[in-house]
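Single-letter residue listing:
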Amino acid sequence: MTFSSAGESQRGFAGTRGLSTLLLAFDADDTLWDNQTYFDQVEHDYCELLKPYGTAEEVSGALFQIESANMPLLGYGCKAFTLSLVENAVKYTKGQISSNDILKIVELGKSLLSHQTDPLPEVRETLLAIRRKKPYKMVVFTKGELLDQQNKLIRSGLSELFDDIVVVSDKTRQEYLKLCAMFDTDITHLVMVGNSFKSDIEPVLQLGGSAVHIPFYTTWKHEEAEEYEHYRLRRIESFDQLLHIL
């Protein structure tokens, strides 16, 4: 895909002149819609189910270890999470958990495949306003399971506002370079918008791109990272503040 030129010199967020097009990439979960809240609720219900075998802190701690060990093989997403829930339940209870409770755990995991994905405050209005400001290419860039992420975007009602959705197993620096190549641009013309400093912000800054950090009120433990200031980084408190940056 080749970008068109507006024929007008301007300074982009990446600090370049004479470039009329930027690639705006948006994280999905907890940036465009709430996701972690539903995972937290499932984990809470899971811990309640395993209460006869240990405290919530103990069960969650064991689950975190199982998830971490499974990530290189299973990746991210609802299905990987559900498999870790089941594996942890069997191991933590030393095989004492009933088949009926295993079924309940599977149902808890499956509930994550159909939860609400209503856009977070100001998201739709801001995306519409950005969409009217040419020239921008807008893409959802997220990690997880392809079908699940595609379905969430459709349920959100935001799909028509983006040029594409790109789902990867993990947001590595190599995947960001591939994203730029896919849209016939380079990393200096990329602005990544997301809530996770570890996945959405740091890899882009390391490569020479720009990023906008919109922290969510809760962070998945696997996404926790030390944050820092950077001249190509902006932090905003509400999604509509993105308009002032662009």
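Heads up: the structure comes first, above all this text.
Thresholds applied
Residues numbered from 1 in each chain as written. Predicted model: local features only at pLDDT ≥ 70, side-chain atom pairs only at ≥ 80, totals over all residues. Heavy atoms only, no water. Patch = residues over 30% accessible without salt bridge, like charges linked within 9 Å, V, L, I, M, F, W, Y side chains within 5 Å. Areas by Shrake-Rupley, 256 points an atom, 1.4 Å probe, with all protein chains shown as cover. Salt bridge = Lys/Arg side-chain N within 4 Å of Asp/Glu carboxyl O. Helix = DSSP H or I, 4+ residues; strand = E, 2+ residues; numbered from the N terminus. Buried < 20%, exposed > 50% of the residue type's maximum accessible area, 1.4 Å probe, protein only. Lys, Arg positive; Asp, Glu negative; His and termini not counted. Polar contact = N/O pair within 3.5 Å; in protein donor to acceptor, adjacent residues only side chain to side chain. Contact = heavy atoms within 4.5 Å.

**Q** Sorry if this is basic, but what is going on with a nonpolar patch on the surface here?
**A** A cluster of nonpolar residues, L73, L74 and L83, forms a patch on the protein surface that exposes about 320 Å² of accessible area. Here L73 shows up in helix α2 (residues 56-74). In this structure L73 comes out as exposed when scored by relative accessible area, which is 75%.

**Q** Just to check I follow, could you spell out the side chain of D30 for this structure?
**A** Mapped onto the fold, D30 is located in the loop between β1 (22-26) and α1 (36-49). Put simply, D30 is tucked away with no salt bridge, and the nearest opposite charge, on K152, sits 8.2 Å away. For D30, the side chain forms a polar contact with the main-chain nitrogen of N35, separated by 2.7 Å. In this structure, D30 is in contact with N35, Q36, L120, N195 and F216, ignoring residues within four places of it in sequence.

**Q** Please clarify how the environment of I102 should be interpreted in this entry.
**A** Here I102 lies in helix α4 (residues 99-111). When the C-alpha positions of I102 and D163 are compared, they lie 41 Å apart, and in sequence the two are 61 residues distant. Contact partners of I102, with chain neighbours within four places excluded, come to V86, A89, V90 and I97.

Treat this as a map of the structure, not an account of what it does.
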